[in-house]
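# Chains, contacts and geometry: an overview
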Amino acid sequence: MTQQHQARFITFEGIDGAGKSTHIGFVSDYLRQRGVNLVSSREPGGTQLGEKLRELLLHEKMHLETEALLMFASRREHIAQVIAPALELGEWVISDRFSDASFAYQGGGRGLDISKMEALEAWVHPHLQPDLTFLFDVPLAVARARLDATRALDKFEQEQADFFAATRNEYLRRAAQFPARFRIIDSTQSIADIQVQLAQLLDDLLEKSLVTR
Ligand SMILES: Nc1ncnc2c1ncn2[C@@H]1O[C@H](COP(=O)(O)OP(=O)(O)OP(=O)(O)O)[C@@H](O)[C@H]1O
Ligand SMILES: [Mg+2]
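Residues numbered from 1 in each chain as written. Chains lettered and ligands numbered in written order. Predicted model: local features only at pLDDT ≥ 70, side-chain atom pairs only at ≥ 80, totals over all residues. Heavy atoms only, no water.

## Considerations on the site of ligand 1
Taken together, 19 residues lie around ligand 1, and G17, K20, S21, T22 and Q189 are the ones closest in. The contact in question runs from an oxygen atom of ligand 1 to an N or O atom on the backbone of G17, over 2.8 Å. For ligand 1, whose accessible area on its own is 640 Å², the fraction buried by protein is 76%. If you list the elements that add at least two residues to the shell around ligand 1, you get α1 (20–33), α6 (140–148) and α8 (191–209). Of all the elements, α1 adds the most residues to the shell around ligand 1, at 3 residues. Its residues assigned to classes, the shell around ligand 1 shows 5 nonpolar, 8 polar and 6 charged. (Near = heavy atom within 4 Å. Polar contact = N/O pair within 3.5 Å; in protein donor to acceptor, adjacent residues only side chain to side chain. Areas by Shrake-Rupley, 256 points an atom, 1.4 Å probe, with all protein chains shown as cover. Helix = DSSP H or I, 4+ residues; strand = E, 2+ residues; numbered from the N terminus. Nonpolar A, V, L, I, M, F, W, Y, C, P; charged D, E, K, R; others polar.)

Printed below as a string of structure tokens:
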């Protein structure tokens, strides 16, 4: 008889500069050290085609609905090629952004009707949702100050404060709608304090995913 962890799908969400990439490395290492086989990926992107779509999405001007459709097109490919096969093999999947980001950015930030996003979500992944979503929540000014210190800004990162306020609000609305899978992380805390919190949440997930075969 052996004990194994059942596959889990974890997503990282939050506005630009909230700390997603910073904590993905920590979470990946933490899980791998505890015997989890893990695939780490990102959206838009995660596949060869998805990375090409990412280039277009982050740098080309386009109609709002084109943007939403391309986000979900990239996601469809990501699920088909990466997420679903890994979960079927019993591997864990970590994704830097997933559909909550479309609700937040194209819905909240850009103002596309949420019902259109819900229709796309129901089309592209009717039976798949993350088991756990970390929402790194931070006031705009803090995120902006962190971003400015790093690199050249892409199309989304160049948006104004009201865009990010609406994006953050939609993230918080989604978190309130799906409290069972969302964990809101106060990203104004130090990186070390956030890691302590993440470790506790991961320990809980690891314990609940154990099965005896
Ligand atoms: N809790 C924190 N305290 C101080 N600095 C932080 C914290 N979290 C992240 N940072 C710093 O803020 C910057 C942005 O963080 P990061 O790249 O992880 O954000 P992100 O959510 O991945 O952003 P993007 O959506 O643009 O990819 C980095 O320089 C990172 O080191
Ligand atoms: Mg990042």
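Text resumes after the structure shown.
## Focus: the packing of helix α3 (residues 64–88) against helix α5 (residues 114–124)
At a closest axis distance of 10 Å, the pairing of α3 and α5 adopts a crossing angle of 20°. Considering their axes alone, α3 and α5 lie roughly parallel with respect to each other. For the pair α3 and α5, the crossing hand works out as right-handed. In this structure, α3 contributes E65, A68, L69, F72, R75, R76 and I79 to the contact, and α5 contributes K116, M117, L120, E121 and V124. Here the residues of the contact of α3 with α5 sort into 7 nonpolar, no polar and 5 charged. (Axes fitted to C-alpha atoms, helices over the stretch in contact; angles between N-to-C directions. Parallel < 35°, antiparallel > 145°, perpendicular 65-115°, else oblique. Left-handed = near helix turned anticlockwise from the far one by under 90°. Contact = heavy atoms within 4.5 Å.)

## Structural notes on α1
Here α1 spans 20 Å end to end across 14 residues, near enough to the 20 Å set by a 1.5 Å rise per residue. Among all positions in α1, only K20, H23, I24, V27, S28, Y30 and L31 are buried. Seen along its axis, α1 keeps its buried residues to an arc of 165°; they face one direction. With respect to the buried face of α1, the exposed residues turned more than 90 degrees away are S21 and Q33. In the core, the buried residues of α1 are packed alongside β2 (9–13), β3 (38–42), β4 (92–96), β5 (132–137) and α8. Directly after α1, the chain includes G35, whose backbone phi takes a positive value near 85°. (Expected span 1.5 Å × (residues − 1). Buried < 20%, exposed > 50% of the residue type's maximum accessible area, 1.4 Å probe, protein only. Arc of directions from axis to C-beta.)

## Regarding the environment of F98
Along the chain, F98 turns up in the loop between β4 and α4 (99–109). Spatially, the C-alpha atoms of F98 and T11 are 6.5 Å apart, while their sequence positions differ by 87 residues. Each residue touching F98, except ones within four places of it in the same chain, is listed here: F9, T11, E13, E43, R75, I79, I83, H125, L128 and P130.

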